[in-house]
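# Geometric and topological summary
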Amino acid sequence: MTHLKEGDKAPDINAEDQHGNAIKLSDFKGKKVVLYFYPKDDTPGCTAEACNFRDNYQTLKDKGFELIGVSADTAQKHQKFANKYELPFALIPDTEKEVIQAYGVWGLKKFMGREYDGIHRETFVIDEEGKIAKIYLKVKTKEATEQILADFS
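Residues numbered from 1 in each chain as written. Predicted model: local features only at pLDDT ≥ 70, side-chain atom pairs only at ≥ 80, totals over all residues. Heavy atoms only, no water.

## Here's the deal with the layout of surface pockets
- Here the largest pocket defines a volume of roughly 320 Å³.
- Around the largest pocket, the lining comprises 14 residues; the ones closest to its centre are Pro39, Lys109, Tyr116, Gly118 and Ile119.
- Sorting the residues of the lining of the largest pocket by element identifies β6 (106–111) and β7 (114–119) as the ones contributing at least two each.
- The biggest single contributor to the lining of the largest pocket is β6, with four residues.
- Taken together, the residues that form the lining of the largest pocket break down as six nonpolar, two polar and six charged. (1 Å grid on protein atoms, 1.4 Å probe; cavity = no way out; pocket = protein on both sides within 12 Å on 5 of 7 lines; lining within 4 Å. Points joined across faces, edges and corners; volume = space filled by probe spheres on them. Helix = DSSP H or I, 4+ residues; strand = E, 2+ residues; numbered from the N terminus. Nonpolar A, V, L, I, M, F, W, Y, C, P; charged D, E, K, R; others polar.)

Written out as structure tokens, the structure reads:
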């Protein structure tokens, strides 16, 4: 779905997280960033993915990764989701779909015979220089961290 390729410069982000803290991708220069896009807070697959990242958060931090989630939900929904599941990382409420469009993860989806536009579940690993090191198009929600660590260990 995405038009971006591994090796491309990652589009910068200039947004706020669920707490109103400014997030700029350029502020993470020198660190690896896991930027994951997901369809909707508090749904089964999205919850499984977020909880997998939560349960492995310290391992990711120890290996030098920062973690940021993005969906089109509001800041209030993100706060409720993060509080309910004790998520220790930033969630960007991209209600205007600026980051979602920049990363090319918005598009036609099919579910139970119905077609509609929505967010594709994709994960981008951005290297210390701000380039896309890896794109995961087929994210295993219950093994999202393991997928990344298998490539970056």
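## Quick notes on the packing of aromatic side chains
- If you walk through the whole model with that rule in mind, you get 10 aromatic pairs.
- Between the aromatic rings of Tyr36 and Phe89, the centroid separation amounts to 6.1 Å while the plane-to-plane angle is 70°, which identifies the pairing as edge-to-face. Of the two residues, Tyr36 is situated in strand β3 (residues 32–37) and Phe89 in the loop between α3 (75–85) and β5 (90–93); the sequence distance between them amounts to 53 residues.
- A relative accessible area of 3% places Phe89 in the buried class.
- Each member of the aromatic cluster is reached from another via a ring pair, and the members are Tyr36, Tyr38, Phe53, Tyr57, Phe81, Tyr85 and Phe89.
- We note Lys97 situated over the ring of Trp106; from NZ or CZ to the ring centre the distance is 4.9 Å. (Phe/Tyr/Trp six-rings, centres within 6.5 Å; stacked < 30°, edge-to-face > 60°. Buried < 20%, exposed > 50% of the residue type's maximum accessible area, 1.4 Å probe, protein only. Lys NZ or Arg CZ within 6 Å of the ring centre and 35° of its normal.)

## Points about the pairing of β7
- The sheet contact formed by β6 and β7 spans six bridges and is antiparallel. Pairing of Leu108 across the sheet is with Asp117, part of β7.
- Where β6 folds back on β7, the antiparallel hairpin that results is connected by two residues, among which Met112 adopts a positive phi of roughly 50°. (Pairing = 2+ DSSP bridges.)

## Section: helix α5 (residues 144–151)
- Within α5 the residues assigned to the buried category are Ala144, Thr145, Gln147, Ile148 and Leu149.
- In this structure, the buried residues of α5 make contact with β3, α1 (44–55), α2 (57–62), β4 (65–71), β8 (122–126) and β9 (132–136). (Contact = heavy atoms within 4.5 Å.)

## Points about the packing of α1 against α5
- For the pair α1 and α5, the least separation of the axes is 7 Å and the interaxial angle reads 55°. With respect to each other, α1 and α5 are oriented oblique. Residues Glu49, Asn52 and Phe53 of α1 pack against Ala144, Thr145, Glu146 and Ile148 of α5.
- Looking at the contact of α1 with α5, its residues break down into three nonpolar, two polar and two charged. (Axes fitted to C-alpha atoms, helices over the stretch in contact; angles between N-to-C directions. Parallel < 35°, antiparallel > 145°, perpendicular 65-115°, else oblique.)

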